[in-house]
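Structure at a glance
What follows is each chain in one-letter form.
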Amino acid sequence: MKLSKTTSRVTLGTVFVAAYVVVATSSWIVEPSPAEPIAHEAGEMESTSQRLKGGLIECASPKPELAHALARDIARSLANRSSRASMVLYDRTTDTSCAYGADKHYDSASIVKPIILGALLLARSDRLSEDEQELAREMIVSSDNDATYTLWDSVGTESIQEFLDKAGMEDTILDEAGLMGLTQVTARDQATLLELLTGEDNSVLNAEERAYILGLMRNVQEDQRWGAPAGAPSGAAVQVKNGWLQRSERVKDPWDRGDWKVNSMGAFTGRAYDYGLVVLTENNRVPDGESPGVGWDYGMDTIERVAKAVHRDLYPDRTPAAAGSPGRR
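Since we're looking at a predicted model, the values are computed, not measured.

**Some points on the packing of aromatic side chains**
Across all of its chains, the model carries seven aromatic pairs by this definition. Here the aromatic cluster, defined as three or more aromatic residues joined through ring pairs, consists of Trp226, Trp244, Trp260 and Trp296. Just above the ring of Tyr298 sits the side chain of Arg81; from NZ or CZ to the centre is 3.9 Å.

In structure tokens, the structure reads:
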């Protein structure tokens, strides 16, 4: 694919506030319990699990101490959080992986946008027009919803589904009403997308197309670089896409009223780094009388607790890019 020259105009993204009635879910709080190591012979992959309310954090690595540390610290990061959360980690360098609630469905919000761009590139086998490139930049870099729907309508849901099928993202479900932010995604499928983009398989997208998507994610505007990048090694190239939407205030169940869905996915590459992290959250409540932003901030904080634990355990000797979150309001 040949990419034509495009301008660098960036428009400010806007918060997508959903006004849809959703099904209520009951609250739960994650609580850590003692780790449950699974013994293996020396030299084999070591697996361990950490039980939380709602499921198990499962980690595997040829380094037993790393698998144990990740399971323990991810559990600690989620302990007593009222958010519902799922996560997937892969690290090709250390051959390490972790998963928690990896197959649970969440409203995608804006993390569906790299999927849309992947589908567009797959459908346009020769090149993107300058207009399409500008819309793609606004969609990823600024998370602009108008640009997204223009591309969503242009490529069509059949082509988006074709991309999902080719990418092996079989648990991702497009919204029947055509609402891109209500696409149902899982942490496992989003991690599959990151692995596709950072890998060497040309069967879905070629190297230039993959680099194009990653380049836009690497240049996401500063106030949207929170979440998965929090605490990342300073030498890593960070590719990120976040998503956020607020539940309807018209639903009857008070648990759902005003809550936020907050998601983050990041790929960390360059030098000795080749890993990805996806954290999805929902039920980030807005207490009565509080600003709606409180729920959004709570979701960000939940994600960043996980991210900091993961980065620290994987690369404890590396200086983090920032102690806090670079894009927090």
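**Some points on helix α5 (residues 157-167)**
Restricting attention to buried positions, one finds in α5 the residues Ile160, Phe163, Leu164 and Ala167. The buried side chains of α5 occupy one side of the element, clustering within an arc of 100° when seen end-on. For α5, the exposed residues set more than 90 degrees away from the buried face come down to Glu158 and Asp165. Next to the buried residues of α5 lie α2 (113-123), α4 (145-155) and α6 (187-198).

**Quick notes on the state of the cysteines**
Taken as a whole, this structure holds one disulfide when the rule is applied. The disulfide partner of Cys59 is Cys98, and the S-S distance across this bridge is 2.1 Å. Of note, the bridge from Cys59 to Cys98 carries an S-S torsion of about 115° and is right-handed in sense. Of this pair, Cys59 sits in strand β5 (residues 55-61) while Cys98 sits in strand β7 (residues 96-100); the two residues are 39 residues apart in sequence, bridging distant segments of the chain. Considered together, Cys59 and Cys98 belong to a single accessibility category, that of buried residues.

**Regarding the environment of Gly235**
With respect to the element layout, Gly235 can be found in the loop between α7 (207-218) and β11 (237-246). According to the relative accessible area criterion, Gly235 is partly exposed, its value standing at 21%. Counting along the chain gives 36 residues from Gly235 to Arg271, while the straight-line C-alpha distance between them is 7.4 Å. Among all residues touching Gly235, those that are not within four sequence positions of it are Arg271 and Tyr273.

**Describing the environment of His105**
Here His105 shows up in the loop between β7 and β8 (106-107). Apart from the residues within four sequence positions on either side, His105 is in contact with Asp171, Ile173, Gln184, Val185 and Thr186. Within the structure, His105 has its side chain in polar contact with the backbone oxygen of Asp171 (distance 2.6 Å).

Rules and cut-offs
- Residues numbered from 1 in each chain as written.
- Predicted model: local features only at pLDDT ≥ 70, side-chain atom pairs only at ≥ 80, totals over all residues.
- Heavy atoms only, no water.
- Phe/Tyr/Trp six-rings, centres within 6.5 Å; stacked < 30°, edge-to-face > 60°.
- Lys NZ or Arg CZ within 6 Å of the ring centre and 35° of its normal.
- Buried < 20%, exposed > 50% of the residue type's maximum accessible area, 1.4 Å probe, protein only.
- Helix = DSSP H or I, 4+ residues; strand = E, 2+ residues; numbered from the N terminus.
- Arc of directions from axis to C-beta.
- Contact = heavy atoms within 4.5 Å.
- Disulfide = S-S within 2.5 Å.
- Polar contact = N/O pair within 3.5 Å; in protein donor to acceptor, adjacent residues only side chain to side chain.

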